[in-house]
Each structure stands twice: as C-alpha cells, then as structure tokens.
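Here is how the chains run, residue by residue.
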Amino acid sequence: DQQVKQNSPSLSVQEGRISILNCDYTNSMFDYFLWYKKYPAEGPTFLISISSIKDKNEDGRFTVFLNKSAKHLSLHIVPSQPGDSAVYFCAASAYRGSRLTFGEGTQLTVNP
Amino acid sequence: DAGVIQSPRHEVTEMGQEVTLRCKPISGHDYLFWYRQTMMRGLELLIYFNNNVPIDDSGMPEDRFSAKMPNASFSTLKIQPSEPRDSAVYFCASSLIKRRANYGYTFGSGTRLTVV
C-alpha cells in the first residue's frame, strides 16, 4: 500500500526552464509534507516542507504547492540548473507523527 | 558534527551469510530510522526507534531482519540469512522531534548491499 506516490520515475528539462515534480498521497491524516533531494552515493537531504495549513511555501528557486482536496503536492524549481539533477523524494507525516512516509522518487535531469 | 555515520559503505556477501549494517546517529537525536531504497518502492521504512526503544518494526520484511539499538549512539540492522533480493541501499537516519517543530531527518550516506 503506497500511501505516497510519485508517478513519474524521471523528468528531463532544459537549463533555465521550470521543473515540476508531482506527488500524490492517500492518507487523510497526513498534514506535513516534505521534499528531499538525493545525489548518487549520498543520503537524501532536506529541501523544503509545507504544513497542511498552507497551500504554498517558497524558498529561493524552490516552491512547494499543496492541494489538500486533491491530495496532491508539487515542487517547482525555477529556473532549473544542472546542479539540480538528482532524485527527488516526496515525504509525508501525520499529526504529531515521527515517521515519514516516502514516495518512490523522481529522477530529475537538467540539461545544459 | 560528523552527521549520521553508516558502515560499511559497500557490502558484498554470498547468499546465506549474515550481514550486519551499522549506524551512529547524531548526538542528541532521539529518533533513529532504518530505510531501504528500492526502485519499486522508493524509500521504505523498515523500523524506527525512539530513545533506543523500537517503536514500529512493521516494515521489516521478514524474520531474517532484526535491528537493535543498545544505546543512544549505535544501532545495527542484521540480515540472517541474506538473500539476493535483499540487495539494496540501506539508509539510517536520525532526528530530534519536539512538537513537530523540526522534521530535520538527517540521513547517512547509506550502505549498498549486494548479495550474490
């Protein structure tokens, strides 16, 4: 039972353009969402998060949007840079929960 | 702070052998998680500890897997006997969670396990 799902295993964009990574979840108890980035041979690192009381959170080139009614969130990277090429994991947790449930990941490739 | 330290970085073993993965969490963190990364399921939670006590091991695939946390600075994940389908990257992560103020999971660099 995959409660957090990233349906696109890979995404390829041109440098300077927008990258949009999508994530869907099924558990209505989830109220905190995060994105992690992972480079090869390294552990995932925290990128950006959003609470369910918000529908948007921005940090520099990265913006996360949350649509609670659709149980969908997305990560926008503008402008995309070659250094953004990595696997991006969506994650979610429930109220006061300590555990994160991760999606399958999306491999982003930004071409120069 | 050296971060979360995992050892070994790579492990190649023969089917049927015992494998032990090790993790040293960040000092002061009260949660420790073991995840396994696979193509099909992404980052899959195996087990997690709070203050050295196992809280949820429902993700452990089968009895061949076991995990311990004898103290706040060390945890092990053991597979006995190992099988080729156990081949994956295993991550350890630690976190300090207070009133959900910080979900700063810090991951180690992972152990790439290959069972032949």
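None of these values were measured; they are calculated from a predicted model.

With that out of the way, let us pick up the overall build of chain A. Secondary structure assignment for chain A yields zero helices and 11 strands. Helices (α) and strands (β) of chain A occur, in sequence order from the N terminus, as β-β-β-β-β-β-β-β-β-β-β. Relative to a compact globule of 112 residues, whose C-alpha radius of gyration would be 13 Å, chain A shows 13 Å and is just as compact. Across its three principal axes, chain A shows a C-alpha extent of roughly 40 × 30 × 20 Å.

Inspection of the secondary structure puts Arg99 of chain A in the loop between β9 (86–94) and β10 (101–102). A residue is classified by how much of its surface remains accessible, and Arg99 of chain A, at 29% relative accessible area, is partly exposed. Aside from chain neighbours lying at most four places away, what touches Arg99 of chain A is Ala92 and Ser93 of chain A together with Phe33, Leu45, Tyr48, Asp56, Ser58 and Tyr105 of chain B. In this structure the side chain of Arg99 of chain A is engaged in a polar contact, spanning 2.6 Å, whose partner is the side chain of Asp56 of chain B.

With that settled, consider the side chain of Ser80 of chain A. All names here are of chain A. Turning to its location among the elements, Ser80 is positioned in the loop between β8 (72–77) and β9. Assessed through its relative accessible area of 1%, Ser80 is described here as buried. Engagement of the side chain of Ser80 in a polar contact is seen with the backbone oxygen of Arg17, the distance being 2.7 Å. Side-chain polar atoms of Ser80 contact the backbone oxygen of Ile77, separated by 3.4 Å. Every residue in contact with Ser80, bar those within four places of it in the chain, is listed here: Val13, Gln14, Glu15, Gly16, Arg17, Ile18, Ser19, Arg61 and Val110.

At the interface, 23 residues of chain B touch 23 residues of chain A. Between chain B and chain A the total buried area reaches about 1,800 Å² when both faces are included, carbon and sulfur atoms providing 53% of it. At the surface where chain B touches chain A, the tally comes to one salt bridge. Between Arg99 of chain A and Asp56 of chain B there is a salt bridge, with the nearest N and O atoms lying 2.6 Å from each other. Viewed at the interface, chain A and chain B are joined by four residue pairs in polar contact (both at pLDDT 80 or more). Those elements that place two or more of their residues in the side of chain B that touches chain A are β4 (31–38) and β5 (42–50) of chain B.

Residue and element names in this part refer to chain B. Taken in spatial order, the four strands of this open sheet run β1-β3-β8-β7, and their pairing is antiparallel. Of all the strands in the sheet, just β1 (5–7) and β7 (65–71) have a single pairing partner and so form its edges. Neighbouring strand axes in the sheet, compared pairwise and without regard to direction, differ in orientation by 15 degrees on average. Note: β7 against strand β8 (residues 74–79), five bridges, orientation antiparallel. In the strand pairing of β8, Lys68 is matched with Thr76.

Here we come to the nonpolar core. In terms of nonpolar packing, the biggest core is built from 23 residues, with Phe33, Trp35, Leu73, Leu75 and Tyr88 of chain A touching the most fellow members. By size, the runner-up hydrophobic cluster in this structure holds 21 residues, among which are Val4, Phe49, Leu77 and Ala88 of chain B.

Bringing the environment of Pro112 of chain A into the picture now. All names here are of chain A. Note on placement: Pro112 falls in the segment after β11 (106–111). Sequence spacing of Pro112 and Gly83 is 29 residues, and the spatial spacing of their C-alpha atoms is 9.9 Å. When neighbours within four sequence positions are excluded, Pro112 is seen to be in contact with Gln14, Glu15 and Pro82.

On to the sheet that holds β8 of chain A. All names here are of chain A. Read from one edge of the open sheet, five strands run β1-β3-β8-β7-β6, paired in antiparallel fashion. At either margin of the open sheet sits one strand with a lone partner, and together these are β1 (4–5) and β6 (56–59). One ladder, built from two bridges, connects β1 with strand β3 (residues 19–25); its direction is antiparallel. Bridge pairing links Val4 to Tyr25 in β3.

Moving on, we get to the state of the cysteines. Residues and elements named next belong to chain A. Taken as a whole and judged by the stated rule, the model has two disulfides over all chains. Across a sulfur-sulfur distance of 2.0 Å, Cys23 and Cys90 are joined as a disulfide pair. Every disulfide takes its handedness from the sign of the S-S torsion; for Cys23 and Cys90 that torsion is -70 degrees, giving left-handed. Residue Cys23 is found in strand β3, and its partner Cys90 is found in strand β9; the two are separated by 67 residues along the sequence.

The rules behind these values
Residues numbered from 1 in each chain as written. Chains lettered and ligands numbered in written order. Predicted model: local features only at pLDDT ≥ 70, side-chain atom pairs only at ≥ 80, totals over all residues. Heavy atoms only, no water. Helix = DSSP H or I, 4+ residues; strand = E, 2+ residues; numbered from the N terminus. Rg over C-alpha atoms; globule rule 2.2 N^0.38 Å. Buried < 20%, exposed > 50% of the residue type's maximum accessible area, 1.4 Å probe, protein only. Contact = heavy atoms within 4.5 Å. Polar contact = N/O pair within 3.5 Å; in protein donor to acceptor, adjacent residues only side chain to side chain. Buried area = accessible area lost by both parts, 1.4 Å probe. Salt bridge = Lys/Arg side-chain N within 4 Å of Asp/Glu carboxyl O. Pairing = 2+ DSSP bridges. Axes fitted to C-alpha atoms, helices over the stretch in contact; angles between N-to-C directions. Core = buried A, V, L, I, M, F, W, Y, C linked by side-chain atoms within 4.5 Å. Disulfide = S-S within 2.5 Å.

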